[in-house]
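Residue-level structural notes
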Amino acid sequence: MSKRSAADDRTEGQAYAKVSGKAARRDDAVIDEMGEFEDAWEDEIESEGEAVDLDADADGGADGMDVDKVLPAIEESEEKPPEAQAFIPGTHVLGKDEVLEPDDTVYIMRHSMNVSWPCLSFAVLRDNLGDERQRYPAVAYIVAGTQADRASKNELSVYKMSSLYRTQKRGDDSDSDGEDNEDDLDEDPVLEYRSVPHDGGVNRVRAQPLPPSSGLPLVSQPYYAATWAETGKVHIWDIRPLIESLDTPGYSFDKARTGKPTFTINSHGYAEGFAMDWASSGGANPSALRLLTGDIHSKIYLTTTTPSGFNPLSQPFTSHTSSVEDIQWSPTEPTVFASCSADCSVQIWDVRTRGRQSATGIDHAHESDVNVISWNRSTAYLMLSGGDEGGIKVWDLRSVKKQGSPGEVSSPVAAFAWHSAPITSVEWHPTDDSVFVASGADDQVTLWDLGVEQDDEETGATMNVTPDGDREVPPQLLFIHQGQKDVKEAHWHPQIPGTVISTALDGFNIFKTISV
């Protein structure tokens, strides 16, 4: 990874500004006593004894004549309304009458969409609209599962997000040139979906990988998504007809094909889980798929595909001692995968190893549960991990010792303690090996760039200190997106560079910032 100066890459963009709900009060008007005035019927100025007393008669003056009360002009207060301030979580606290207001000048695109039931996990789907898309309005497809109040109400849904226009900037006079910019229309996003019933709440959803720069499979071919159900079952669905139904008016999908799972994995019994990841075998058999699933009883099972269908292997991988929280296949070695657990460890496995034990690992990767991991697709020796204590760590797997080997305990090459609640998601950028996104239970989605380093000569020694001087802001922290409640997952869109989609209890956000 190349190193870049923080002065070049860091923006002032802070997603939300703190705005006071109290407007500036004007000074109370002061009514001066009425002075002398000229009598319209007299040539001489009346003496002080003949001055009209305005309080003597509410309906008129001393001689019964109506007199208009003259009030001094109200002067505008010189006090200016408070300026908006960048809200820094952990440093600033919202007052009783304060609200967070998004600063749209730091977003290229920002949209929010509500759904009927919370979707606590989702996967971004590839489409046929091309890679490296820069034009707006944008379109995105995702698959997600619900967490409804009753098991019978849950669904697996494919969503189509369209009319994703650029965000309008405050004070941006886009019509001054007299031309209509189709990319900048002020329109609300459109959220369409197709659903099938799902037995029980959905803990996690993952879609099968497709080769880079490839479009969707033909309608006659399957496009699989797997769901980890709270019932302890792992269901595999063919969602290709649901996508076609969203794109083709009048298309009616075959419920016998899509209305029920193509295959159900029962290897875990009644133990539910969260960890799950797909991989494609590639090489001479790119259509062969492998699916790993881990449960709360520390077991990991492998399911493969054969010409006749799915084949779950009966022997589990068993080096963890507590709940398996996340799994990631190696991006370069088809038989190697990593897992993390509530036992505070990250383990590296090879499916060819006899005994189904891990080959190497980091036993004390975090102080508490390791919730999520992400394997860098561009630099295969880098791995991210996020813990229950709110920490994010970057590991160089080349320094990790094999199990039983003597040597020092592995240390992360970078560690960040910005989040104040459990990390719920981490993911490397699909093409930039130094950039990643993270989300936490503290309602933050953060963007980071490890290629940024502080240059004290250019930026001054106080770059890490906030204006209040009581919390350091890491130079690698590029952006903080807020506004959602209890964020569960955040993923990059692989075909729209720099675009992030996040899900929380109050729905989906999709945004692209000026930082990435």
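Remember, it's a predicted structure, so these values are computed and weren't measured experimentally. (Residues numbered from 1 in each chain as written. Predicted model: local features only at pLDDT ≥ 70, side-chain atom pairs only at ≥ 80, totals over all residues. Heavy atoms only, no water.)

Focus: the overall build of the protein chain
For the protein chain, the helix and strand inventory stands at four helices and 33 strands. Buried positions account for 47% of the 516 residues belonging to the protein chain. Accessible surface for the protein chain amounts to roughly 26,200 Å². Of this, 47% is attributable to carbon and sulfur atoms. (Helix = DSSP H or I, 4+ residues; strand = E, 2+ residues; numbered from the N terminus. Buried < 20%, exposed > 50% of the residue type's maximum accessible area, 1.4 Å probe, protein only. Areas by Shrake-Rupley, 256 points an atom, 1.4 Å probe, with all protein chains shown as cover.)

Looking at the environment of Ser 368
Looking at the element boundaries, Ser 368 is found in the loop between β21 (360-362) and β22 (370-375). With 24 residues separating them in the primary sequence, Ser 368 and Cys 344 have C-alpha atoms 5.4 Å apart. Those residues in contact with Ser 368, other than ones at most four positions away along the chain, are Cys 344, Asp 388 and Glu 389. (Contact = heavy atoms within 4.5 Å.)

As for the sheet that holds strand β28 (residues 445-449)
Hydrogen bonds along the backbone pair up the strands of a sheet, which may run parallel or antiparallel. The sheet built from four strands is open, its strands ordered β26-β27-β28-β30 with antiparallel pairing. The open sheet is flanked by β26 (423-428) and β30 (477-481), the only strands paired with a single partner. Each adjacent strand pair in this sheet contributes to an overall mean axis angle of 15°, direction not counted. With four bridges connecting them, β28 and β30 associate as antiparallel partners. Residue Trp 448 lies in a different strand from β30, and its bridge partner there is Leu 477. (Pairing = 2+ DSSP bridges. Axes fitted to C-alpha atoms, helices over the stretch in contact; angles between N-to-C directions.)

Details of the pairing of strand β7 (residues 138-145)
Here is the key point about a regular strand: its side chains alternate between the two faces of the sheet. Burial within β7 is extensive, with eight of its eight residues counted as buried. Alternating residues of β7 divide into Ala 138, Ala 140, Ile 142 and Ala 144 and Val 139, Tyr 141, Val 143 and Gly 145, and every residue in both groups is buried. With five bridges joining them, strand β6 (residues 121-125) and β7 adopt antiparallel strand pairing. The residue of β7 that forms the bridge with Val 124 is Ile 142. Direction of pairing for β7 relative to strand β8 (residues 155-164): antiparallel, over a ladder of seven bridges. By the bridge assignment for β8, Ala 140 is matched with Met 161.

Overview of the packing of aromatic side chains
With the rule as written, the count across this model stands at 14 aromatic pairs. With a centroid separation of 5.3 Å and an interplanar angle of 80°, the aromatic rings of Phe 317 and Phe 337 are classed as edge-to-face. Taken together, the residues Phe 317 in the loop between β17 (309-312) and β18 (324-329) and Phe 337 in strand β19 (residues 336-341) connect sequence positions 20 residues apart. For Phe 317, a relative accessible area of 1% translates into the label buried. Residue classification places Phe 337 among the buried residues on the basis of a relative accessible area of 0%. A centroid spacing of 5.7 Å and a plane angle of 65° characterise the contact between Trp 329 and Phe 337, whose relative ring orientation is edge-to-face. Members of the aromatic cluster, joined through ring pairs, are Phe 122, Tyr 159, Tyr 193 and Phe 508. (Phe/Tyr/Trp six-rings, centres within 6.5 Å; stacked < 30°, edge-to-face > 60°.)

Fair warning: the whole summary comes from geometry, so function is off the table for now.
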